[in-house]
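# Geometric and topological summary
Here's the letter readout for the chains.
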Amino acid sequence: MFAPSVFAARRARLQQAGLSGLLLFVGNVDSPMNYHDNTLPFVQDSSFRYFFGLNEPALAGVIDADSGEATLFGNDPDVSDIVWTGPLPSLSERAAKAAVGRSRPYAELAQLLAEARAAGRPVRYLAPYRGETLIEMGRLLDVHPAVVKAGFCPALTRAVVALREIKGEEEIAEMESALGVTHAMHIAAMQNAKPGVLEYQVVGIMEGIMRRHDWHLAYPSIFSKRGEVLHNHGHGNVLQQGDLVLNDTGCASGGGYASDITRTFPVGGKFSTRQRELYDIVLEMQEAAIAAIKPGIKYQDIHKLSAAVMVERMAELGFFRGDADAIVESGAYAIAFPHGLGHQIGMDVHDMEALGEDLVGYGDGAERSPLFGLGYLRLGKPLKAGMVVTVEPGVYFIPALIEAWEKEERHSAFINYAKFREYADFGGIRIEDNVLVTADGSRVLGEPIPKTVEEIEAVMAV
Ligand code: GLY
Ligand code: MN
Ligand code: MN
């Protein structure tokens, strides 16, 4: 947890957004695995944690936007809790860790909110995304849970996004610490992905490294030789010599920040000519995108620039024909690159996505594209110094997509379907790094993880 003054400063900056009334942040509760006391690893609500620091269940925070006063709501442990948990800090001791001057029993929160509403003061909150929170907020606000979500405050959301999307030095340090462990996980994966090994055995090795730090995954790992299945969470295949493995794995640090890294490598440690040709294209897409990152440029334009690199290079191999810009503008390129170039990353792997993907990723002159592929881009708006984004281009051969488009002759002037069919069993390649937007460009965060063909082959040769 950062120093108490960090949280006080964040709340003070939020107060400067000029909102009136009470700003309510309800923290997460424990989620049962299968009965109440058998819980999943606790994950705090990121906005609560951003302003109130505490990584414990059953807390809420209120900031009075008019006076600036913050209050932590929760319960002091009683002896029947302590029997099970051991000694715990008091509520006021916990509040002090985030420089919150007032703490009150949780039972008083509903009454405070009712009094504010009766006095005509707005109660502003962010859109909840968990069922338990939705029900609890319905109770706190005395409305049906179904109307809670629609009542979230867009102005508060924009103010929170404006703060959370610019990372402070302490946050960057925390993200680089997450990336240090992620580095070790990815190298271990490359070195243990031998012929005959099951995918989940490699996943187990990676997770063991992370658990030795008492950390958890930031998202379910994708580790598969079927990398063309974009959200492939199965790990049941036996690795065979020459298989191309896509490993998209990141961790959530103890301080609550995510990493999100993808590497793709061949089982046995040597890229075939075919694999190398396409791998180098994805690397060039990523390098061109990273080189273009700077404040003011729309991420949507960087996505297109990266797609244009792919089209030009894949046209040389015979996959596309025609003008590269026209192929990008038509959306035809998405047959091989059907997802977005990246997203913001911070406390959440898709940072703040729960607050509304368009509110977080669009605006400032950027609108979501209706095109298949580009329409999945989560971040389209102009970049600002201090943002951290993922840069994750890919090339995939998805047999069902190739077949469906060919059948309807979609973009058939641009796409050489016969060539795509030859690669139907190829799989997929993605390369993903986490990149800080600086005042005049960008910096790839963390110690470099082997990425060129030569670097990967060298680390796999040991
Ligand atoms: N690992 C999820 C993503 O790359 O967006
Ligand atoms: Mn990502
Ligand atoms: Mn990823």
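Each remark here, short or long, concerns the structure printed above.
Our subject in this report is the structure included herewith. (Residues numbered from 1 in each chain as written. Chains lettered and ligands numbered in written order. Predicted model: local features only at pLDDT ≥ 70, side-chain atom pairs only at ≥ 80, totals over all residues. Heavy atoms only, no water.)

## Considerations on the overall build of the protein
When helices and strands are counted, the protein shows 17 helices and 17 strands. Projecting the C-alpha coordinates of the protein onto the three principal axes gives extents of approximately 70 × 45 × 40 Å. The burial tally for the protein puts 51% of its 462 residues in the buried class. Put simply, 73% of the contacts in the protein that link residues at least 6 apart link residues at least 24 apart. Surface exposure of the protein reaches about 19,100 Å², of which carbon and sulfur atoms provide 54%. Across the protein, 42 positive and 60 negative side-chain charges occur, with their mean positions spaced 1 Å apart. (Helix = DSSP H or I, 4+ residues; strand = E, 2+ residues; numbered from the N terminus. Buried < 20%, exposed > 50% of the residue type's maximum accessible area, 1.4 Å probe, protein only. Contact = heavy atoms within 4.5 Å. Areas by Shrake-Rupley, 256 points an atom, 1.4 Å probe, with all protein chains shown as cover. Lys, Arg positive; Asp, Glu negative; His and termini not counted. Charge placed at Lys NZ, Arg CZ, Asp CG, Glu CD.)

## A look at the coordination of the manganese ion (ligand 2)
On the protein side, the manganese ion (ligand 2) has Asp260 (OD), His343 (NE2), Glu392 (OE) and Glu432 (OE) as donor atoms, found 2.1 to 2.2 Å from it. One can describe the site at the manganese ion (ligand 2) as irregular: its six donor atoms subtend angles covering 50 to 156° at the metal. Going along the chain, you hit the donors of the manganese ion (ligand 2) in the pattern D-x82-H-x48-E-x39-E. A separation of 3.3 Å is found between the manganese ion (ligand 2) and the manganese ion (ligand 3), which share Asp260 as a coordinating residue. A residue pair is termed long-range when its members are at least 10 positions apart, and Asp260 in the loop between β11 (251-252) and β12 (261-266) and Glu392 in the loop between β13 (388-391) and β14 (394-396) qualify at 132 residues. A residue is classified by how much of its surface remains accessible, and Asp260, at 4% relative accessible area, is buried. (Donors = N, O, S within 2.8 Å, 3.2 Å for Na, K, Ca; no water. Tetrahedral: all angles 85-135°; square planar, octahedral: opposite > 155°, others 65-115°.)

## Some details on the coordination of the manganese ion (ligand 3)
Taken together, Asp248 (OD), Asp248 (OD), Asp260 (OD) and Glu432 (OE) make up the protein donors of the manganese ion (ligand 3), found 2.1 to 2.3 Å from the metal. One way to put it: the six donor atoms around the manganese ion (ligand 3) meet at angles of 57 to 169°, and that makes the site irregular. Along the chain, the residues donating to the manganese ion (ligand 3) fall in the pattern D-x11-D-x171-E.

## A word on the sheet that holds strand β10 (residues 244-249)
The antiparallel open sheet is built from three strands, whose spatial order is β9-β10-β12. Of all the strands in the sheet, the pair left with one neighbour each is β9 (222-224) and β12. Here the average twist between neighbouring strands, direction ignored, is 15°. Pairing analysis gives three bridges linking β9 to β10, with the strands arranged antiparallel. Across the sheet, the residue bridging to Ile222 is Asp248, located in β10. Contacts between helix α10 (residues 199-211) and the sheet are confined to β9 and β10, with β9 contributing the most and set at about 140° to the helix. (Pairing = 2+ DSSP bridges. Axes fitted to C-alpha atoms, helices over the stretch in contact; angles between N-to-C directions.)

## Points about the packing of aromatic side chains
Working definition: an aromatic ring pair is given by the centre-to-centre distance plus the angle between the planes. If you walk through the whole model with that rule in mind, you get 19 aromatic pairs. Both rings, one in Tyr333 and one in Phe337, keep their centres 6.1 Å apart while their planes meet at 55°; by these two values the pair is tilted. The same class applies to Tyr333 as to Phe337, namely buried. Pairing Phe372 with Trp405 gives two aromatic rings, centres 5.7 Å apart and planes at 65°, and the pair type is edge-to-face. (Phe/Tyr/Trp six-rings, centres within 6.5 Å; stacked < 30°, edge-to-face > 60°.)

## Some remarks on the environment of Met314
Within the element layout of this structure, Met314 appears in helix α12 (residues 299-316). Assessed through its relative accessible area of 0%, Met314 is described here as buried. In sequence terms Met314 and Tyr333 are 19 residues apart; their C-alpha atoms lie 9.8 Å from each other. With sequence-adjacent residues up to four places away left out, Met314 is seen in contact with Leu278, Ile281, Phe319, Phe320, Ala336, Val395, Phe397 and Phe420.

## Comments concerning the site of ligand 1
The environment of ligand 1 is made up of Tyr219, Asp248, Asp260, His343, His350, Glu392 and Glu432. Between Asp248 and ligand 1, the recorded distance is 3.1 Å, taken from a side-chain N or O atom to a nitrogen atom. The contact in question runs from an oxygen atom of ligand 1 to an N or O atom on the side chain of Glu432, over 3.2 Å. In isolation ligand 1 has 200 Å² of accessible area, and contact with the protein removes 87% of it. The class makeup of the residues in the shell around ligand 1 is one nonpolar, two polar and four charged. (Near = heavy atom within 4 Å. Polar contact = N/O pair within 3.5 Å; in protein donor to acceptor, adjacent residues only side chain to side chain. Nonpolar A, V, L, I, M, F, W, Y, C, P; charged D, E, K, R; others polar.)

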